[in-house]
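Coordinate inspection notes
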Amino acid sequence: MIGRFRSGDEIFYGEIESGHVYPKCGALAGVFELQELRVLPPASPSKIVCVGLNYRDHAEELSMEVPETPVLFLKPPSAIIGHKDKIIYPASSSRVEHEAELAVVIGKRCKSISASKAEDVIAGYTCFNDVTARDLQQKDGQWTRAKSFDTFAAFGPYLASPEELDITDAKIACRVNGETRQDSSTSNLIFDIPYLIEFITEIMTLEVGDVITTGTPPGVGELQRGDTVEVEIQGIGILLNEVV
């Protein structure tokens, strides 16, 4: 497992093992205690490519037809926050909701990648909360405003490599104030990750650090100021944020 950390003025990647962090940067020597470091988002993407309605059980919950092709939208990098950062409830919205998602971080610049070669361009997987102003999404009819507020792209805490995680059947859950809201598995994905990478890279070039979010399972629900929201994915860990 790899994380991105801050110690004083230094930002670095490090391998995590038994509560210790071993820097991968040659300029930093020694071993750090995980608890003494600030955990940063595990990538700095040029764009976040999101997939809508990509869980079979979510489509069933909404009584919607399974899409024939992935539905894509973008979130801006300015929306990014990391583990234990604050989600800011915007004054212009009266209903903000959580969406727990598995995120893919790209490790190589790529274009027109076949599904069979997709794993070659994956740096790893992490947790993502696609925070959404649902009332504005419904009002606008398109999703840019509702999905793009600062702090509406929480992801982390760490990056699990393809070798560390069985992505075909990883449990994914969301809890609000300890209450489970979402509970599913990546086995319910409509379009799997190799197909998504093939589909997206036929359209656009993905840069190192770019993020693909893979859709949310059923149970999406409302957040209130003061709530603590957790996204947990088996084999990765827990992304925790407070709403303010």
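If you look the protein chain up in an unreviewed UniProt entry, it shows as Fumarylacetoacetate hydrolase family protein from Methanosarcina baikalica. According to the UniProt record, the Sequence similarities (unreviewed entry) comment for the protein chain is "Belongs to the FAH family."

**Here we look at the overall build of the protein chain**
Scanning the protein chain for helices and strands turns up 4 helices and 20 strands. Along the first, second and third principal axes, the C-alpha atoms of the protein chain reach 55 × 45 × 30 Å. The 244 residues of the protein chain split such that 54% are buried. Within the protein chain, contacts between residues at least 6 apart in sequence are counted, and of these 73% link residues at least 24 apart. Of the side-chain charges in the protein chain, 22 are positive and 37 negative, and the distance between the mean point of each set is 5 Å.

**With respect to the packing of aromatic side chains**
What the rule picks out here adds up to 8 aromatic pairs. Taken together, a centroid distance of 4.9 Å and an interplanar angle of 75° make the contact between Phe73 and Trp143 edge-to-face. On the criterion of sequence distance, the pair formed by Phe73 in strand E7 (residues 71-75) and Trp143 in the loop between helix H2 (134-140) and helix H3 (144-148) is long-range, its members being 70 residues apart. Here Phe73 falls in the buried class, since its relative accessible area comes to 11%. An aromatic cluster is present here, built from Phe5, Phe12, Phe32 and Tyr158 joined pairwise through their rings.

**Regarding the pattern of salt bridges**
Opposite charge on two side chains permits pairing when their charged atoms draw close. Taken as a whole and assessed by the stated rule, the structure comprises 15 salt bridges. Between Glu232 and Arg175 there is a salt bridge; the shortest N-O distance is 2.9 Å. Here Glu232 is found in strand E19 (residues 228-233), whereas its partner Arg175 is found in strand E15 (residues 171-176), with 57 residues between them in sequence. Each of Lys75, Arg95, Glu97, Glu99, Asp130, Arg134, Lys147 and Glu222 takes part in salt bridges that share partners, so that together they form one network.

Criteria and cut-off values
Residues numbered from 1 in each chain as written. Predicted model: local features only at pLDDT ≥ 70, side-chain atom pairs only at ≥ 80, totals over all residues. Heavy atoms only, no water. UniProt positions renumbered as here; feature names shortened; annotations may be inferred. Helix = DSSP H or I, 4+ residues; strand = E, 2+ residues; numbered from the N terminus. Buried < 20%, exposed > 50% of the residue type's maximum accessible area, 1.4 Å probe, protein only. Contact = heavy atoms within 4.5 Å. Lys, Arg positive; Asp, Glu negative; His and termini not counted. Charge placed at Lys NZ, Arg CZ, Asp CG, Glu CD. Phe/Tyr/Trp six-rings, centres within 6.5 Å; stacked < 30°, edge-to-face > 60°. Salt bridge = Lys/Arg side-chain N within 4 Å of Asp/Glu carboxyl O.

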